[in-house]
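Secondary and tertiary structure notes
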Amino acid sequence: MYPVISYKPRLGGETDQPLEKQLVDLERINAGGYLRVVHHAGEKGYHLKLVLNDKEAISLFVWNKKVFECQNTLARSYGIIPIEEIEVDEEEGDKLIAEGTYSLKQGIFEISLERVYEESMASSSKCRYKLKLRGVKEYISPKHGHSTRPEYFLISLSRRRK
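Residues numbered from 1 in each chain as written. Predicted model: local features only at pLDDT ≥ 70, side-chain atom pairs only at ≥ 80, totals over all residues. Heavy atoms only, no water.

1. Quick look at the overall build of the chain
Within the chain, the secondary structure is distributed over one helix and eight strands. What you see in the chain, going N to C, is helices and strands ordered as α-β-β-β-β-β-β-β-β. Rg of the C-alpha trace for the chain: 15 Å, near the compact-globule value of 15 Å for 162 residues, within the 12% margin. Over its C-alpha atoms, taken along the principal directions, the chain stretches across nearly 45 × 40 × 30 Å. Carbon and sulfur atoms provide 47% of the accessible area of the chain, an area that totals close to 8,800 Å². Side chains of the chain carry 26 positive and 24 negative charges; the gap between the two charge centres is 10 Å. (Helix = DSSP H or I, 4+ residues; strand = E, 2+ residues; numbered from the N terminus. Rg over C-alpha atoms; globule rule 2.2 N^0.38 Å. Areas by Shrake-Rupley, 256 points an atom, 1.4 Å probe, with all protein chains shown as cover. Lys, Arg positive; Asp, Glu negative; His and termini not counted. Charge placed at Lys NZ, Arg CZ, Asp CG, Glu CD.)

Here it is, written out as structure tokens:
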């Protein structure tokens, strides 16, 4: 199993994901591999789908493109998801934005975009961040029910976009 943030939810209710999968501690996880950036229809930000193995991935949501420009930003972890959820459903309006690789090691998060499909983004970029837990956000989602989601500051360690 993965390291989990120690947190006792204040809200109750049904959820579609166990708490230990929602509260995976990204500052203590060591992983790396394939990265897919997806924009889901109706959302204002991007999901970074970080593949862990042939069955699981992590979904990390960012509200803007700063993460691809090596700028400080905020991200919300949607925890461990089934690998099938990295797929893009174009019929639902999803859009594949980019593909590349990532590394998470001892609180350092690196991304390298190797194929970019959206014209408004740089053709490729490599950014390095220090993760710092901001806190845990609890809310009731119409789609997922009770949600307990860690939010992280992504503090840029990159001097410039590469």
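Text resumes after the structure shown.
2. A few points about the nonpolar core
Membership of the largest hydrophobic core comes to 34 residues, with the highest contact counts inside it found for L26, V37, L48, F68, Y102, F109 and I111. Taken together, the elements giving at least two residues each to this core come down to strand 1 (31–39), strand 2 (46–51), strand 3 (56–62), strand 4 (73–82), strand 5 (95–105), strand 6 (108–116), strand 7 (125–141) and strand 8 (145–156). Core analysis: the next-biggest nonpolar cluster, separate from the first, contains five residues, V51, A57, I83 and I86 among them. (Core = buried A, V, L, I, M, F, W, Y, C linked by side-chain atoms within 4.5 Å. Buried < 20%, exposed > 50% of the residue type's maximum accessible area, 1.4 Å probe, protein only.)

3. Points about the sheet that holds strand 6
Spatially, the eight strands close up into a barrel ordered 1-2-3-4-8-7-6-5, and their pairing is antiparallel. Strand-to-strand, the axes of this sheet are offset by a mean angle of 35 degrees, without reference to chain direction. Summarising the sheet, strand 5 and strand 6 pair through eight bridges and their orientation is antiparallel. In the sheet register, A98 faces strand 6, and the bridge partner there is V116. (Pairing = 2+ DSSP bridges. Axes fitted to C-alpha atoms, helices over the stretch in contact; angles between N-to-C directions.)

4. A closer look at a negative patch on the surface
A surface patch of negative charge is lined by D89, E90, E91 and E92. Relative to the assigned elements, E91 resides in the loop between strand 4 and strand 5. (Patch = residues over 30% accessible without salt bridge, like charges linked within 9 Å, V, L, I, M, F, W, Y side chains within 5 Å. Salt bridge = Lys/Arg side-chain N within 4 Å of Asp/Glu carboxyl O.)

5. Description of the side chain of S158
Within the fold, S158 resides in the segment after strand 8. Contact partners of S158, with chain neighbours within four places excluded, come to C70, K126, C127 and R128. (Contact = heavy atoms within 4.5 Å.)

6. Brief notes about the pattern of salt bridges
Counted under the stated rule, the structure contains eight salt bridges. The salt bridge partner of K65 is E118, with a shortest N-O separation of 2.9 Å. Of this pair, K65 sits in the loop between strand 3 and strand 4 while E118 is found in the loop between strand 6 and strand 7, placing the two residues 53 residues apart along the sequence. By relative accessible area, K65 is classed as partly exposed at 22%. Across the pair E110 and R128 runs a salt bridge whose closest N-O atoms are separated by 3.1 Å. Placement of E110 in strand 6 and of R128 in strand 7 is noted, with a sequence separation of 18 residues between them.

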